[in-house]
Number of protein chains: 2
Amino acid sequence: MEEPATVIAVPRTHRFSEPLPLQSGETLPEYELVYETYGSLNAERSNAVLICHALNASHHVAGLHADEHGRPLPRSEGWWDNMIGPGKPVDTDEFFVIGVNNLGSCFGSSGPTHRHPRTGELWGADFPVVTVEDWVNAQARLLDVLGIEQLAAVMGGSLGGMQTLSWTLQHPQRVRHAVVVASAPNLTAENIAFNEVARRAIVTDPDFHGGHYARHGVIPRRGLRIARMIGHITYLSDDVMNAKFGRRLKPLGDAARQGDVEAVERLAYRYTTQDVEFQIESYLRHQGDKFSEYFDANTYLLITRALDYFDPARAHGGELSRALSAAKADFLVISFTTDWRFSPARSRELVRGLLHNRRRVSYAEIDAPHGHDAFLLDDPRYMAAVRAYFEQSVRATAPREAA
Amino acid sequence: MEEPATVIAVPRTHRFSEPLPLQSGETLPEYELVYETYGSLNAERSNAVLICHALNASHHVAGLHADEHGRPLPRSEGWWDNMIGPGKPVDTDEFFVIGVNNLGSCFGSSGPTHRHPRTGELWGADFPVVTVEDWVNAQARLLDVLGIEQLAAVMGGSLGGMQTLSWTLQHPQRVRHAVVVASAPNLTAENIAFNEVARRAIVTDPDFHGGHYARHGVIPRRGLRIARMIGHITYLSDDVMNAKFGRRLKPLGDAARQGDVEAVERLAYRYTTQDVEFQIESYLRHQGDKFSEYFDANTYLLITRALDYFDPARAHGGELSRALSAAKADFLVISFTTDWRFSPARSRELVRGLLHNRRRVSYAEIDAPHGHDAFLLDDPRYMAAVRAYFEQSVRATAPREAA
């Protein structure tokens, strides 16, 4: 068996000097977007696929990053590298795939950790509130730069799915196919509530300083840790947590993994309220610590707010099917049975609204145990559904004439 | 129609001078329990019903408190006043009902806000870790003081249901009926995870000072707020949150309540990451603020740990039905369909384990929309099930002979 060719991904930056008007009424002056591309744009410029990222991801969708000598860096795979690449479900031998980092992010595109282009001050909490619609408009400008008039497909999971849906409504002529995974036409009250608790943990951290922590030389790590722990719980299913951790205690973790049931049974509670007792606690603390090392607090606020605000039906009296009447794309919608944060019911709402507008829709509800996280994992039925859709539908659709 | 008689509840305190050995191996020296009783103990001392409380409740189960002139205080109803009182499902015209505040609480019984009886120092974080089993043993001693050998019933919801179950295993001869509502034979990993995030929010609050905040004259309010917000989300169902709050924005709350749909539609987003935008946010912040005014942080840690640790099957190789073989009581088990924190599946586990041991079990799965909070609310089917059980089963069971 041959080793698959190593795909080295090279991030590029484009500086836009034309200001971007935002939904909030504010305007972003000049700004930068960081992006990566994989595969080759064909002569007709008709094989481009845009990938939209979710909360804590970036433009680095596929392949590996390289060091200064061009050698691949270990563990630098893109966040959807299982999905996108040569011979993969979204096959970069055939499609020209683009990953863009969104505005407000902390991974390269203009955001709170950057400096205001005029004043030279760090943006911090003053970076304007950006929405899914703003992101899509910024992405559309990047496509203009790349000379891509129409996308073969837009694709994303979770918040990325919201951007995908938004593409079909804001720029219907520019999208032939939309692949919306583990997403929803808006957030429920419960979802907003989880976002709000995470934000409150950050904002009330004494090191937050109203979002200008950088000026004080500190980082609101406590808040970021709590925010990430809450997120992690809600991205997993109860089932997968029970399978992975159950009620196993921390110190004898190794014994448990080795199946030494007796050792686990012998293990006594330590009766502590502040120290780790259960493995699940240790896991969550670790995830929180890691996250607080690399993620920006203001970015966390901005991105969760973009999630909260997204609601295309809002401008149409709350009627989703009226909002969806603008769409011209064909759709593949995918949900996962144990995803309780973006439940199948929400995907079915979207499917119904699209069918009401006589859109062509394929819908797959995957019986996966992994909760919301499933959209990033390797479920073979999920992978096969995406592969089949790209092979049979995306590939077969000729570019649409401009209106 | 006659006004129902006002029941004035009078808290009493009993000081125990005999030390209480705890599950952790530690010993609690002399301690106090605060309790209330409603109705009258009959001559045979056979009509006593013990009510066990959950996370943030107390001994004040029913009736109203009075001011120094004996006048009822407005809004001072006991936390289960809809369930317990004259003519109510647990009828205090017939039963002698006892509410006890648990050890470690901040509502009167010995806990972290009290002083160590020997040293005179505030307990704070040094109050020993107490378990469901410890609470039950302390409650049993109170019954000794009250001259009650055997309970007609023990009853509780959530963590109170765990105490109820524990009563039937630790003191099987002393319980004729057990009413276990919205509870579980142990917590799942997800439940422990939610508790852990709440605890981390408290413990990492700079005002926590390792649990000795009182010495510093501060209170870890930020942590308590976050803990309560998390709790609140998980006690409600997604459905009830959508019905109560949906995606409605804050400022025009009144318009929305008055059905002024157009006003709500006109209402524009304010595009803010730190201020309240949605009503659900305002509600959660309010709940968090209120809680942080009256609840003790060390108590929160102790009580959530008691929840985590409870697991009667643990001493029996994880086999619940082996653990339940000690029980002699009859059971009424009740769960609520939308309760995702203590789901019906967990109650059914308990029911199966009890049936395996040939216990008499009645089980009601109530199709209520309110999530875990349903156990405190007035669902008529729920109330009727409890009423019928007390009228037909508890009343009809003669005292069991001592073994």
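Since this is a predicted model, take the numbers as computed values, not measurements.

What about the overall build of chain A?
Link 1 in the chain: Across its full length, chain A holds twelve helices and twelve strands.
Link 2 in the chain: Against the globule reference of 22 Å for 403 residues, chain A gives a C-alpha radius of gyration of 22 Å, in line with a compact fold.
Link 3 in the chain: Taking the principal axes of its C-alpha atoms as reference, chain A extends roughly 70 × 55 × 55 Å.
Link 4 in the chain: Relative to its 403 residues, chain A shows a buried fraction of 60%.
Link 5 in the chain: Contacts in chain A between residues far apart in sequence, at least 24 positions, make up 72% of those at least 6 positions apart.
Link 6 in the chain: Entry remark: accessible area of chain A is about 15,800 Å², with carbon and sulfur atoms responsible for 48%.
Link 7 in the chain: In chain A, 42 positive and 50 negative side-chain charges are present, and the distance between their average locations comes to 3 Å.

As for the pattern of salt bridges
Link 1 in the chain: What the rule picks out here adds up to 48 salt bridges over all chains.
Link 2 in the chain: D81 of chain A is paired through a salt bridge with K88 of chain A; the nearest N and O atoms lie 3.4 Å apart.
Link 3 in the chain: Relative accessible area serves as the criterion here: at 25%, K88 of chain A is assigned to the partly exposed category.
Link 4 in the chain: Notably, a salt bridge pairs R199 of chain A with D308 of chain A, separated by 2.7 Å at the nearest N-O pair. A residue pair is termed long-range when its members are at least 10 positions apart, and R199 of chain A in helix α3 (residues 189–203) and D308 of chain A in helix α9 (residues 297–309) qualify at 109 residues.
Link 5 in the chain: Residue classification places R199 of chain A among the buried positions, given a relative accessible area of 1%.
Link 6 in the chain: Ionic contacts of the salt-bridge type, sharing partners, join the residues E196, R199, R305 and D308 of chain A together with E281 and R285 of chain B into one network.

A short note on the relation of the copies chain A and chain B
Put simply, the second copy of the chain is the first one after a rotation about an axis and a shift along it.
Link 1 in the chain: Note on the identical chains: chain A maps onto chain B by a rotation of 180 degrees and an axial translation of 0.0 Å, with an RMSD of 0.0 Å. The superposition operator between the copies reduces to a two-fold rotation axis.
Link 2 in the chain: Comparing interface residues between copies, 100% of those in chain A also lie at the interface in chain B; the contact surface is shared.

Some details on the interface of chain A and chain B
Link 1 in the chain: In this complex, chain A contributes 65 residues to the contact, which on the side of chain B involves 65 residues.
Link 2 in the chain: Each partner contributes to the roughly 5,400 Å² buried at the junction of chain A and chain B, and carbon and sulfur atoms together form 61% of this total.
Link 3 in the chain: Between the two partners, chain A and chain B, sit eight salt bridges.
Link 4 in the chain: For E196 of chain A, the salt bridge identified is with R285 of chain B, shortest N-O distance 2.7 Å.
Link 5 in the chain: Here chain A and chain B share 32 residue pairs in polar contact (both at pLDDT 80 or more) between them.

A closer look at the pairing of strand β8 (residues 96–100) of chain B
Residues and elements named next belong to chain B.
Link 1 in the chain: For β8, a buried count of five out of five residues is recorded, marking the element as mostly surrounded by other parts of the structure.
Link 2 in the chain: Burial along β8 is two-sided: the face carrying F96, I98 and V100 and the face carrying V97 and G99 are both buried.
Link 3 in the chain: Of the pairings in the sheet, the one linking strand β4 (residues 31–38) to β8 comprises four bridges and is antiparallel in character. Its bridge partner being in β8, T37 is matched across the sheet by I98.
Link 4 in the chain: Summarising the sheet, strand β5 (residues 48–52) and β8 pair through four bridges and their orientation is parallel. Within β8, the position partnered with I51 by the bridge is G99.

Brief notes about the sheet that holds strand β12 (residues 361–366) of chain A
Residue and element names in this part refer to chain A.
Link 1 in the chain: Pairing is mixed in the open sheet, where eight strands are placed in the order β1-β4-β8-β5-β9-β10-β11-β12. Among the strands making up the open sheet, the edge pair consists of β1 (12–16) and β12. Ignoring strand direction, the axes of neighbouring strands in this sheet form an average angle of 20 degrees.
Link 2 in the chain: In the packing of helix α12 (residues 380–394) onto the sheet, the strands contacted are β5 (48–52), β9 (151–157), β10 (175–181), β11 (330–336) and β12, and the crossing angle to β11 comes to about 180 degrees.

Section: the sheet that holds strand β12 (residues 361–366) of chain B
Within a sheet, each strand pairs with its neighbour through backbone hydrogen bonds, oriented either parallel or antiparallel.
All names here are of chain B.
Link 1 in the chain: One open sheet holds the eight strands; their spatial order is β1-β4-β8-β5-β9-β10-β11-β12, and the pairing between them is mixed. Each having just a single partner strand, β1 (12–16) and β12 make up the two edges of the open sheet. Neighbour-to-neighbour, the strand axes of this sheet turn through a mean angle of 20 degrees, independent of strand direction.
Link 2 in the chain: Summarising the sheet, β1 and β4 pair through five bridges and their orientation is antiparallel. Residue R15 lies in a different strand from β4, and its bridge partner there is E32.
Link 3 in the chain: The sheet contacts of helix α2 (residues 159–170) involve β5, β9 (151–157), β10 (175–181) and β11 (330–336), and relative to β9 the element is tilted by about 145 degrees.
Link 4 in the chain: Across the sheet, helix α12 (residues 380–394) touches β5, β9, β10, β11 and β12, and the angle it forms with β11 is around 180 degrees.

Regarding the environment of N298 of chain B
Residue and element names in this part refer to chain B.
Link 1 in the chain: Tracing the sequence through the fold places N298 in helix α9 (residues 297–309).
Link 2 in the chain: In this structure, the C-alpha to C-alpha distance between N298 and S347, residues 49 residues apart in sequence, is 29 Å.
Link 3 in the chain: Contacts of N298, omitting those with residues within four sequence positions, involve P112, G124, A125, F208, G211 and Y213.

Some details on unusual backbone geometry
Link 1 in the chain: One non-glycine residue, Y271 of chain A, lies in positive phi territory at about 55 degrees.
Link 2 in the chain: Within the secondary structure, Y271 of chain A is located in the loop between α7 (261–266) and α8 (279–294).
Link 3 in the chain: A relative accessible area of 18% means that Y271 of chain A is categorised as buried.
Link 4 in the chain: One non-glycine residue with positive phi stands out, namely H209 of chain B, at about 50 degrees.
Link 5 in the chain: Secondary-structure assignment places H209 of chain B in the loop between α3 (189–203) and α4 (221–235).
Link 6 in the chain: For H209 of chain B, a relative accessible area of 33% corresponds to the partly exposed category.

Details of the environment of P21 of chain A
Residue and element names in this part refer to chain A.
Link 1 in the chain: Its location among the elements puts P21 in strand β2 (residues 20–21).
Link 2 in the chain: Separated by 305 residues in the primary sequence, P21 and A326 have C-alpha atoms spaced 22 Å apart.
Link 3 in the chain: Residue contacts for P21: discarding those within four places in its chain leaves E26, T27, D134 and R141.

Side note on the nonpolar core
Link 1 in the chain: Formed by 254 residues in total, the largest nonpolar core has its most connected members in Y382 of chain A together with Y382 of chain B.
Link 2 in the chain: Ignoring any residue separated from it by four or fewer positions in sequence, one finds Y382 of chain A in contact with W80, M83, V181, I334, F336, I366, A374, F375 and L377 of chain A.

Reading the values: the criteria
- Residues numbered from 1 in each chain as written.
- Chains lettered and ligands numbered in written order.
- Predicted model: local features only at pLDDT ≥ 70, side-chain atom pairs only at ≥ 80, totals over all residues.
- Heavy atoms only, no water.
- Helix = DSSP H or I, 4+ residues; strand = E, 2+ residues; numbered from the N terminus.
- Rg over C-alpha atoms; globule rule 2.2 N^0.38 Å.
- Buried < 20%, exposed > 50% of the residue type's maximum accessible area, 1.4 Å probe, protein only.
- Contact = heavy atoms within 4.5 Å.
- Areas by Shrake-Rupley, 256 points an atom, 1.4 Å probe, with all protein chains shown as cover.
- Lys, Arg positive; Asp, Glu negative; His and termini not counted.
- Charge placed at Lys NZ, Arg CZ, Asp CG, Glu CD.
- Salt bridge = Lys/Arg side-chain N within 4 Å of Asp/Glu carboxyl O.
- Least-squares fit on C-alpha atoms with pLDDT ≥ 70 in both.
- Buried area = accessible area lost by both parts, 1.4 Å probe.
- Polar contact = N/O pair within 3.5 Å; in protein donor to acceptor, adjacent residues only side chain to side chain.
- Pairing = 2+ DSSP bridges.
- Axes fitted to C-alpha atoms, helices over the stretch in contact; angles between N-to-C directions.
- Core = buried A, V, L, I, M, F, W, Y, C linked by side-chain atoms within 4.5 Å.

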